[in-house]
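Structural description and commentary
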Amino acid sequence: MKQRLELTWIGKGKEDVLEPRILIEKPEYSYGDPDTGNLLIHGDNLLALKSLVASGYAGKVKCIYIDPPYNTGSAFTHYDDMQEHSIWLSLMKQRLELLRELLAPDGSIWISIDAYECHYLKVLCDEIFGRNNFVDEVIWQRSYAPINSKKTVSRSHDAILIYARNSEGFTLNKLPRTEEANGRYKNPDNDPRGVWKSDNLSVGPAVKSNIYPITTPSGRVCLPPEGRSWVLSQERFAEFVADNRIWFGEKGQNVPSIKRFLSEVKDGVTAMSLWMRTEVGDTQEAKREVKALNKEDVFDTPKPERLIERVLTLASNEGDLVLDSFLGSGTTAAVAHKMGRRYIGIELGDHAYTHCVPRLQTVIDGTDQGGITASTGWEGGGGFRFYELAPTLLNEDEHGVMVISPEYNAEMLAAAMALHEGFCYAPDAEIFWKQGHSTESDYIYTTTQHLTIETLEYIDSLLGEGETLLICCTSHGAGLASCFPRITLKHIPRMLLGRCAFDPAKSYDLNIITLPEVEPQDGEDDE
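For the structure given in this document, a descriptive report is provided here. Just so you know, these numbers come straight off a predicted model, no measurement behind them.

Further remarks concern the sheet that holds strand E13 (residues 246–247). Hydrogen bonding along the main chain pairs the strands of a sheet, whether they run parallel or antiparallel. As summarised here, the arrangement of the three strands in space is E8-E14-E13, forming an open sheet in which the pairing is antiparallel. Two strands lie at the open edges of the sheet, namely strand E8 (196–200) and E13, each paired on one side alone. Summarising the sheet, E13 and strand E14 (residues 257–261) pair through two bridges and their orientation is antiparallel. Considered in E14, the bridge of Ile246 is made with Ile258.

Put into structure tokens, the structure is as follows:
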């Protein structure tokens, strides 16, 4: 067996096979236009991600942004115990594997993390996404003042790891040009083509044919620096001189440079990997934003809207689908909404009700005046649907036998079986046994009634030419499983046993006891 470089830990590779669960809409929490495709999901994000993959969202998400718990000392009671560290890695691994499945071929994932786990996470992501698909690491200045009580270094940044689903041909959008960037263009020679700025004429490594002497108007002879050559061939350089695209300085004696006209520059600026708080905000700005929405219960670790706007500007376009499976206070969903992106947000905690829903309601109503509202010109509109993750499908009865959960009604059971079997749940309004389909001629029917030969003969008589049917049932007459070639019978719950973990008490959260507090900053209230 070929060996490979990988990160190992206690319990790696022993994760449960997850149960795909259906999503149940709670209309009392849905808001605005229900047909936008925007979803808020309350429930364990690992199980919710599994459900999204099984529900047809695989390969559909253009941009994923997540801000997982950082596994700091406040996250685990015994941080030094490598068992606890291993739990964090195992649960992150499961989530990242599902997130990879959800990414579109031209999509990317952006992960906020701090120094405690950044380097472990980088190696883990290399394994899951492929090291060749690593795009870059962004450094975000999260705070502006040192913590003088620190005895070593006062950390003022977090990292954002970026991976593409497929790096071949992958590109990011440009950032809009700013007045500051445009201000660097001048027109000292009154060129009729407008303002321009000079650009280096040399390039490395050297191309031998492009090493030649250039004589300036003042008579100075210039050669490219050691190890470099001119970016233009001698013939092409002559054409640029004739077109007044070479600048020798006001006195004609400088090393030549190329004139780059603002009118000819591509619309936008390539993003750099260092993001300062003046450009994208910091934690204090984020706290002010969420405090304006909920003064009584301020979320501990929000991200500023300008930071998420930067990510979505680079990684998505209007109408694209964005996903945040650690939604927290709802920042990613709020920013995506204001920027005209579709979104899916998943949150396990009560923040889904206390923060996310009210926040998005103000965005839709146009009463949220904070964050990027003014810069985007957002005035309101749109909507979202709110879903709960369904309970586990099978439970043990008092005899220790796995049975269908009493919380499931007939419609929920039919939807769940379609999800488990890879069918699209789409009940036909007229034909009772057409509850879902995998192709145009392959259907599924789920029932808790005892199936007799008469019932199956009737259904078989209704099947059209080339049509097939999977029936999931709790009981049927003896010997019927092979009587009808076009009908396949499967028994519930026997057909599901051993496929995945059915355990209502099983928790897949990240074992976070308290979310990590943002470190206080000296003078932070005096900004």
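Tracing the chain through its elements places Cys472 in strand E24 (residues 468–476). Sequence separation between Cys472 and Gly11 is 461 residues; the distance between their C-alpha atoms is 35 Å. For Cys472, the residues in contact, after removing those within four places along its chain, are Met417, Glu421, Ile444, Tyr445, Thr446, Thr447, Lys490, Ile492 and Met495.

Before going further, it helps to spend a moment on the sheet that holds strand E22 (residues 436–437). Across the sheet, which stays open at both edges, the five strands sit in the order E21-E22-E23-E24-E25 with mixed pairing between neighbours. Looking at strand neighbours, the two that pair on one side only are strand E21 (424–425) and strand E25 (487–491), the edges of this open sheet. Pairing of E22 with strand E23 (residues 442–451) involves two bridges; the strand directions are antiparallel. Within E23, the position partnered with His437 by the bridge is Tyr443. On the sheet, helix H12 (residues 410–421) packs against E21, E23, E24 and E25 and is oriented at approximately 135° with respect to E23.

Our focus in this paragraph is helix H3 (residues 118–129). Its twelve residues give H3 an end-to-end C-alpha distance of 16 Å, which sits within 8% of 16 Å, the value for a rise of 1.5 Å per residue. Within H3 the residues assigned to the buried category are Cys118, Leu121, Lys122, Leu124, Cys125, Asp126, Ile128 and Phe129. At the exit of H3 stands Gly130, carrying a positive phi of roughly 100°.

All right, on to the packing of aromatic side chains then. Scanning all chains against the criterion turns up eleven aromatic pairs. Through a chain of ring-to-ring contacts, the aromatic side chains of Tyr29, Tyr353 and Phe386 assemble into a single cluster. Taking the ring centre of Phe134 as reference, the NZ or CZ of Lys122 above it sits at 4.3 Å. Here Arg155 stacks its cationic end above the ring of Tyr116, 5.3 Å away from the centre of that ring.

Attention now moves to the nonpolar core. Ranked by size, the top nonpolar core spans 41 residues in total, and within it Leu96, Leu99, Ile109, Leu121 and Leu323 carry the most contacts. By residue number, the principal contributor to this core is helix H2 (residues 82–102), which donates seven residues. Not counting residues up to four positions away in its chain, the partners in contact with Leu323 are Leu49, Leu52, Val61, Cys63, Ile64, Tyr65, Leu99, Leu102, Ile344 and Ile346. By size, the runner-up hydrophobic cluster in this structure holds 36 residues, among which are Val138, Ile162, Met339 and Tyr343.

Rules behind the numbers
- Residues numbered from 1 in each chain as written.
- Predicted model: local features only at pLDDT ≥ 70, side-chain atom pairs only at ≥ 80, totals over all residues.
- Heavy atoms only, no water.
- Pairing = 2+ DSSP bridges.
- Helix = DSSP H or I, 4+ residues; strand = E, 2+ residues; numbered from the N terminus.
- Contact = heavy atoms within 4.5 Å.
- Axes fitted to C-alpha atoms, helices over the stretch in contact; angles between N-to-C directions.
- Expected span 1.5 Å × (residues − 1).
- Buried < 20%, exposed > 50% of the residue type's maximum accessible area, 1.4 Å probe, protein only.
- Phe/Tyr/Trp six-rings, centres within 6.5 Å; stacked < 30°, edge-to-face > 60°.
- Lys NZ or Arg CZ within 6 Å of the ring centre and 35° of its normal.
- Core = buried A, V, L, I, M, F, W, Y, C linked by side-chain atoms within 4.5 Å.

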